[in-house]
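Inside the fold
Spelled out from the first residue to the last, the chains are:
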Amino acid sequence: MTTTMLKIVALVAMLIDHIWAFIPGTPYYFHWIGRISAPIFMFCCIIGYINTKSKVKFISRLYVLSLVMGGINAFLDVQYNFIRTLLIIIAIIFIIEKFEEKDKNAKMA
């Protein structure tokens, strides 16, 4: 299965979860179906980070998207910004990579 197909599956699961969250009387199992979307999005985001040419541009795009989502959340008065979580995960991976590169360079000297 390609990452595009995984993203579509995650989008459908997230839509089902949002139906549960915003439409009263929706069965509770809709919420559990939606829970599979977060790990799928994390996986796809990490795969995208690994395969990108410019990791800094990738992080900056996530940051801008996080700001846009934050603005939308403030306008709608809700707190659903998973993009911020993805940004933090990718930033941590980036920092770990930089420390590993620095440590590798220190051993060679």
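Residues numbered from 1 in each chain as written. Predicted model: local features only at pLDDT ≥ 70, side-chain atom pairs only at ≥ 80, totals over all residues. Heavy atoms only, no water.

**Points about the environment of Ile 93**
Mapped onto the elements of the fold, Ile 93 is located in helix 5 (residues 82–108). Here Ile 93 falls in the partly exposed class, since its relative accessible area comes to 24%. Sequence-wise, Ile 93 and Met 14 are 79 residues apart; in three dimensions their C-alpha atoms are separated by 25 Å. Those residues within four positions of Ile 93 in sequence are excluded, and the remaining contacts are Ile 46 and Tyr 49. (Helix = DSSP H or I, 4+ residues; strand = E, 2+ residues; numbered from the N terminus. Buried < 20%, exposed > 50% of the residue type's maximum accessible area, 1.4 Å probe, protein only. Contact = heavy atoms within 4.5 Å.)

**Points about the side chain of His 31**
One can find His 31 in helix 2 (residues 29–34). For His 31, a relative accessible area of 13% corresponds to the buried category. Once you skip the residues sitting within four places of it in the chain, His 31 turns out to touch Asp 17 and Trp 20.

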